[in-house]
Amino acid sequence: MDSEKIYIIQPVESEDYRILQEEAVALIESAGAEYAGTIYQNVREVNPATYIGEGKLAQLSERLDGLDLTVLFNGELSPSQTLNISKALGGKKVIDRTTLILDIFALRAESSEGKLQVELAQLKYLYPRLKGKGEALSRLGGGIGTRGPGETKLETDRRHIRARIHTLEQRLRETEQRRALRVERRKKDKVRTIALVGYTNTGKSTLLHALTGADVFTQDALFATLDPMSRAFEIEGVPFLLVDTVGFLRNLPHHLIEAFRSTLESALNCELALIVCDGAGDYEAQLKTTLETLQGMNFSSPYLVVMNKCDLVGDPDFPKEYVCISAKDGKGLTNLKARILDALKDEFVRATLYVPYARSAEFARLRSLLFERKTEYDDSGMSVEAIIPAIHAERFRDFRKI
Ligand SMILES: Nc1nc2c(ncn2[C@@H]2O[C@H](COP(=O)(O)OP(=O)(O)OP(=O)(O)O)[C@@H](O)[C@H]2O)c(=O)[nH]1
Ligand SMILES: [Mg+2]
């Protein structure tokens, strides 16, 4: 089957319309469809019926006449606007940006939780729209099956959807509780969590692979990663858990953020976040979007800003607190690791302990709390160079060498 061809209507409302248009092309390709062209339209005043002006629509209708295309309005439309634009374009299928993003998420969802989350977001988006469609259909008046039975069918559909939303919410709540327990357990462990967050397609999964060797899915596409995955890795013998997360995008549909909130919040419940940006892209806007999204998510952990894809940047000119890397070539990773340890330095104490043999039983009970770097034995005991989580440091006080 030929892939769906999509033509973009790009409203020109703010100065970043070109970037939004480029993103729409990337979204179309990420959804497995084909980009067919763009029409730009200055919107000084929104037309409540069709959003953009009717003159422009007539012009577009002529241009697209006879072509088998879907039209993407790169913004959010009300149900009746969708219907009116479709009518003006001779019945062409019309979708908006949210519908497209939800479609990509549906395509990518793999874990059962991810699937539940996407379905919930889709239904919540659809639900008020079905009502709109019903009204719009009855306003059309006439035509067999559009009014009475049509409405009834829609009412039944709406009841089903409401029930399904309820079930999904309940099942997600259960998953959340299980996850909360896991996070609790992890906190008791000595392993510290580092979360990879940032704009979509900046190289978060590539960095996870570079640091942990994990076999992860990376792709030059938007939203390649949906389900957070985590892998253990070590820096100087100290183990960490690195968690990958779903990427952000400006104007992400509200329902989507809501649906993914709990998964994200649990990943963001970390000791440190690495905010990954595409150093060769529009990194300032990426960072801004990311920080704004994080703000809405009770995020309060320390973070490092990581400029990735530095192999594509001739002469990097970033603020000096940013860490430059190329996850693909492995460049800058040693520095990144040092910066991670430095950012977490209050979490750990480096110490050399001396354990007389007479006290080895006592030490054995505590030993699993620390990370041993080097151990040497002499006639009366052993010397241990260790990194101790700060919360446990006090328990080793007696063993510490001055
Ligand atoms: N040139 C260059 N390309 C990179 C680098 N790191 C990642 N990429 C490419 O960027 C694209 C996106 O990488 P991913 O690791 O999938 O990005 P992501 O942030 O996980 O993306 P999402 O999961 O979609 O949010 C892939 O084509 C990578 O090969 C890098 O350091 N240099
Ligand atoms: Mg990814």
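Visitor: Please clarify how the sheet that holds strand S5 (residues 192-198) should be interpreted in this entry.
Guide: Each strand in a sheet pairs with another by means of backbone hydrogen bonds, the pair being arranged parallel or else antiparallel. Taken in spatial order, the six strands of this open sheet run S6-S7-S5-S8-S9-S10, and their pairing is mixed. One side of each edge strand has no neighbouring strand; the edge strands of this open sheet are strand S6 (230-235) and strand S10 (323-324). Bridge count for strand S9 (residues 303-308) against S10 is two bridges, and the pairing is parallel. Within S10, the residue paired with Met 307 across the bridge is Cys 324.

Visitor: Sorry if this is basic, but what is going on with helix H1 (residues 17-30) here?
Guide: Since the α-helix turns once every 3.6 residues, residues separated by three or four places project in the same direction. When the terminal C-alpha atoms of H1 are compared, their 20 Å separation across 14 residues agrees well with the 20 Å that a helix rising 1.5 Å per residue should span. The complete set of buried residues in H1 reads Leu 20, Gln 21, Glu 23, Ala 24, Val 25, Leu 27, Ile 28 and Ser 30. Buried positions along H1 lie against strand S1 (5-12), strand S2 (34-42), strand S3 (70-73) and helix H4 (97-108). Trailing H1 by a residue or two, Gly 32 shows a phi angle of about 80°, which is positive.

Visitor: What is the right way to read the site of ligand 1 from this model?
Guide: Looking at ligand 1, there are 23 residues lining it, with Lys 204, Thr 206, Ala 224, Thr 225 and Asp 311 nearest. Here a nitrogen atom of ligand 1 and a side-chain polar atom of Asp 311 are 2.8 Å apart. A distance of 3.2 Å separates an oxygen atom of ligand 1 from a polar atom in the backbone of Lys 328. Computed on the free molecule, ligand 1 has an accessible area of 660 Å², of which 91% lies beneath the protein chains in the complex. Counting residues per element, the shell around ligand 1 draws most heavily on helix H7 (residues 204-212), at three residues. Its residues assigned to classes, the shell around ligand 1 shows six nonpolar, 12 polar and five charged.

Reading guide: rules and limits
- Residues numbered from 1 in each chain as written.
- Chains lettered and ligands numbered in written order.
- Predicted model: local features only at pLDDT ≥ 70, side-chain atom pairs only at ≥ 80, totals over all residues.
- Heavy atoms only, no water.
- Pairing = 2+ DSSP bridges.
- Helix = DSSP H or I, 4+ residues; strand = E, 2+ residues; numbered from the N terminus.
- Expected span 1.5 Å × (residues − 1).
- Buried < 20%, exposed > 50% of the residue type's maximum accessible area, 1.4 Å probe, protein only.
- Contact = heavy atoms within 4.5 Å.
- Near = heavy atom within 4 Å.
- Polar contact = N/O pair within 3.5 Å; in protein donor to acceptor, adjacent residues only side chain to side chain.
- Areas by Shrake-Rupley, 256 points an atom, 1.4 Å probe, with all protein chains shown as cover.
- Nonpolar A, V, L, I, M, F, W, Y, C, P; charged D, E, K, R; others polar.

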